[in-house]
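Here is what each chain is made of, one letter per residue.
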Number of protein chains: 2
Amino acid sequence: MREDLLNIVKSFFRKNKRLPSYSEMLSLFGFSSKNSVFKIVRNWIKAGFLKKENSKLAPTTKFFSLPLLGFVRAGFPILAEENKNYLSLDEYLIENPEASFLLKVNGDSLAGIGIFEGDIVIIERKTNASPGDVVLAQIDKEWTLKILRKERGFGRTFLVAANPRYPPLYPRFELQIYGVVKAVIRKFN
Amino acid sequence: MREDLLNIVKSFFRKNKRLPSYSEMLSLFGFSSKNSVFKIVRNWIKAGFLKKENSKLAPTTKFFSLPLLGFVRAGFPILAEENKNYLSLDEYLIENPEASFLLKVNGDSLAGIGIFEGDIVIIERKTNASPGDVVLAQIDKEWTLKILRKERGFGRTFLVAANPRYPPLYPRFELQIYGVVKAVIRKFN
DNA sequence: TATTTTAGTAAACATTTGTTCACCTTGTCA
DNA sequence: TGACAAGGTGAACAAATGTTTACTAAAATA
């Protein structure tokens, strides 16, 4: 399956954001006949790393994905080839790219749910949200990132932090929701 | 700048994992001369969304990126066009794709540093790590995800949780580091 | 208003693309 | 041992690609 050659293609894509043409692979691989490339590519298509529609080559999701492991139980991760799952982060995290943006978090008001200063949250623009959602909102003209709550009965909506040091925020005049947090990411080091 | 047409191209790329050819853009845009496409693409290249090397078209990082906002201070997010930053998640999160894999977390032993059950961590394969790193390790043949610590002086290395309910783990025989956690991601809902 | 720039059409073209065919070598395995 | 699939070379080719040139209409600008 020439995993080595596939890695060459992967790093070419990483660098150039496109697949190499057959002639380019020719020199990348050090071969001298386009047909060898043709046959190798055919295998990758069969294996599901690449695909072709009307003779235009493109990667598949699998091409970009990292293996996803899981623990069977406290003890052993599933490493077996057949149990591997693959996940492409971009696709996993961003469902609606047109309406999404990122926000760098500051403050520790959401520390209780594991959102810390410096984390990046993925926010999807929308003006409605459900109780429990983490929302980017404007409360009485002041921007903030908090958890949305609703009073029992036909209650008002208000905002709470996930940190006992911050009191709940009840809007004096209006509470305008701007987007909801779909994911958090944090990089170490 | 025809942002609308660029969005068509973006969603084409999202779906097909490649850029459309000029003829394909022709029908995507509803134009009837390849030259109009040529000129539009030329503008996108000038604007930094696409690039070209020896007449092969490819996206740039900016093409994939989401706008990254930040709070100036408690109060207002930077929304101004000129202050926008862009970030491509895949590139940001995975520095070394060949050596990286994902692991679904279970247990709450790292809850103190905001790593919860169900989160996904990005692990980079390596056998050495520094104290303070979150590591995937085998301690006396048992796999675990913990924080690496080193005793003062010329001390032994051992593992600790980020949760008072779990005691530190000193290896009886050996502590084998398998990789270090570079990032965490958590999806809501 | 007159003038320049921008966005589009239409046709022509060299280059490059992916594909196919015939052939050769090598290692696998029955 | 013999057969056969797999991996490679080399040449040939139709189709599609990106580019160029000339021309037009509309919009921006002075």
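**Describing the protein's contact with DNA strand D**
Reasoning step 1: In the vicinity of DNA strand D there are 18 residues, among which A:Lys39, B:Ser23, B:Lys34, B:Asn35 and B:Lys52 approach most closely.
Reasoning step 2: Among atoms of DNA strand D positioned within 4 Å of the protein, sugar and phosphate together represent 51%.
Reasoning step 3: Between A:Ser36 and DNA strand D, the recorded distance is 3.0 Å, taken from a side-chain N or O atom to a phosphate oxygen.
Reasoning step 4: A distance of 3.0 Å is found between a phosphate oxygen of DNA strand D and a side-chain nitrogen or oxygen belonging to A:Lys56.
Reasoning step 5: Going through the elements one at a time, helix H3 (34-47) of chain A together with helix H2 (22-29) and helix H3 (34-47) of chain B are the ones with two or more residues in the surface near DNA strand D.

**Describing the interface of chain B and chain A**
Reasoning step 1: Tallying the contact residues gives 65 residues for chain B and 65 residues for chain A.
Reasoning step 2: Interface of chain B and chain A: buried area, both sides summed, is about 6100 Å²; carbon and sulfur atoms make up 60% of it.
Reasoning step 3: Our count for the chain B to chain A interface comes out at eight salt bridges.
Reasoning step 4: Residue B:Arg18 is joined to A:Glu53 by a salt bridge in which the shortest nitrogen-to-oxygen separation is 2.9 Å.
Reasoning step 5: Taken together, the connections running from chain B to chain A amount to 22 residue pairs in polar contact (both at pLDDT 80 or more).
Reasoning step 6: The greatest single-element share of the side of chain B that touches chain A, amounting to seven residues, is contributed by strand S11 (residues 175-187) of chain B.
Reasoning step 7: Per-class residue counts for the side of chain B that touches chain A are 34 nonpolar, twelve polar and 19 charged.

**Some thoughts on the pattern of salt bridges**
Reasoning step 1: For the structure on display, the rule yields 20 salt bridges over all chains.
Reasoning step 2: The salt bridge involving A:Glu24 is made with A:Arg18; its shortest N-O contact spans 3.0 Å.
Reasoning step 3: Of the residues examined, A:Glu24 reaches a relative accessible area of 18% and is grouped as buried.
Reasoning step 4: One network of salt bridges, in which partners are shared, links A:Arg18, A:Glu24 and B:Glu53.

**Regarding the relation of the copies chain B and chain A**
Reasoning step 1: Placing chain B over chain A gives an RMSD of 0.1 Å and needs a rotation angle of 180 degrees, together with 0.0 Å of translation along the axis. Taken together, these values place the two copies in the relation of a two-fold axis.
Reasoning step 2: Both copies contact each other with a shared surface, as 100% of the interface residues of chain B are interface residues in chain A too.

**A look at the nonpolar core**
Within soluble globular proteins, side chains that are nonpolar generally end up buried alongside one another.
Reasoning step 1: Core analysis: the biggest nonpolar cluster contains 32 residues, and A:Trp44, A:Leu50, B:Trp44 and B:Leu50 have the highest contact counts within it.
Reasoning step 2: Within the residue set of this core, elements represented by two or more residues are helix H1 (3-16), helix H2 (22-29) and H3 of chain A together with helix H1 (3-16), H2 and H3 of chain B.
Reasoning step 3: Within the second largest apolar cluster, 22 residues are counted, among which are B:Leu66, B:Leu68, B:Leu87 and B:Ile120.

**Remarks on the packing of aromatic side chains**
Residue and element names in this part refer to chain A.
Reasoning step 1: Taken as a whole, this structure holds 18 aromatic pairs over all chains when the rule is applied.
Reasoning step 2: Here the aromatic rings of Phe-101 and Tyr-178 are separated by 6.4 Å at their centres, their planes lie at 70 degrees, and the arrangement is edge-to-face. Of the two residues, Phe-101 sits in strand S6 (residues 100-104) while Tyr-178 sits in strand S11 (residues 175-187), which places them 77 residues apart along the sequence.
Reasoning step 3: In this structure Phe-101 comes out as buried when scored by relative accessible area, which is 8%.
Reasoning step 4: On the numbers, 5.0 Å between centres and 80 degrees between planes, the contact of Trp-143 with Tyr-178 is edge-to-face.

**Examining the environment of B:Leu28**
Residue and element names in this part refer to chain B.
Reasoning step 1: Relative to the assigned elements, Leu-28 resides in helix H2.
Reasoning step 2: Leu-28 sits in the partly exposed class, given a relative accessible area of 35%.
Reasoning step 3: Between the C-alpha atoms of Leu-28 and Leu-5, which are 23 residues apart in sequence, the distance is 8.6 Å.
Reasoning step 4: Apart from the residues within four sequence positions on either side, Leu-28 is in contact with Ile-8, Phe-12 and Pro-20.

**Re the packing of H2(A) against H3(A)**
Residues and elements named next belong to chain A.
Reasoning step 1: Axis separation between H2 and H3 bottoms out at 9 Å; the angle between their running directions is 100 degrees. With respect to their mutual orientation, H2 and H3 come out roughly perpendicular. Two secondary-structure elements touch here, H2 through Tyr-22, Ser-23, Met-25, Leu-26 and Phe-29 and H3 through Lys-34, Val-37, Phe-38, Val-41 and Trp-44.
Reasoning step 2: Residues that form the contact of H2 with H3 fall into these classes: eight nonpolar, one polar and one charged.

**Description of the domain arrangement of chain A**
Frequently, the measure chosen for interface size is the accessible area removed from exposure when the parts meet.
Reasoning step 1: Here the domain parsing of chain A yields domain 1 (3-59) and domain 2 (97-185).
Reasoning step 2: Its C-alpha centre places domain 1 of chain A at a distance of 45 Å from the equivalent point of domain 2 of chain A.

About the cut-offs
Numbering of residues starts from 1 in each chain and follows the order in which that chain's sequence is written. All chains are assigned letters beginning at A, and all ligands numbers beginning at 1, according to the order in which they are written. The model is predicted, so local features are restricted to residues of pLDDT at least 70 and side-chain atom pairs to those at 80 or more, both for listing and for counting; the totals for chains, interfaces and linings are taken over all residues. Excluding hydrogens and water, the side-chain values take into account all heavy atoms of the structure. Definition of nearness: a residue and a molecule or strand are near each other if at least one heavy atom of the residue lies within 4 Å of the molecule or strand. Counted as a polar contact is a pair of N or O atoms within 3.5 Å, where, for protein atoms, one must be capable of donating a hydrogen and the other of accepting one, and residues adjacent in sequence contribute only when both atoms are in side chains. What counts as a helix is a DSSP run of H or I of at least four residues, what counts as a strand is a run of E of at least two, and both are numbered from the N terminus. Contacts are residue-level and defined by heavy atoms, with any inter-residue pair within 4.5 Å sufficient. The quantity reported as buried area is the accessible area (1.4 Å probe) lost by two parts once they are put together, taken as the sum for both. When a carboxyl oxygen of Asp or Glu lies within 4 Å of a side-chain nitrogen of Lys or Arg, that pair is called a salt bridge. Polar here means any residue outside two lists: the nonpolar Ala, Val, Leu, Ile, Met, Phe, Trp, Tyr, Cys and Pro, and the charged Asp, Glu, Lys and Arg; Gly therefore counts as polar. When accessible area is computed with a 1.4 Å probe and restricted to protein chains, residues below 20% of their type maximum are described as buried, those above 50% as exposed, and intermediate ones as partly exposed. A residue counts toward the fit only if its pLDDT is at least 70 in both copies, and the copies are then superposed by least squares on the C-alpha atoms of those residues. Only buried Ala, Val, Leu, Ile, Met, Phe, Trp, Tyr and Cys residues count toward a nonpolar core, and they belong to the same one when joined by side-chain atoms within 4.5 Å. Note on ring pairs: Phe, Tyr and Trp rings are taken, using the six-membered ring of Trp, and paired if centres are within 6.5 Å. Classes follow the plane angle, with under 30 degrees stacked, over 60 edge-to-face and the rest tilted. Orientation is described by axes fitted as lines to C-alpha atoms, over the contacting stretch for helices, and by angles from 0 to 180 degrees between their N-to-C directions. Angles are sorted into four bins: roughly parallel if under 35 degrees, roughly antiparallel if over 145, roughly perpendicular if 65 to 115, and oblique for all others. For each domain, the first and last residues come from an automatic or database assignment.

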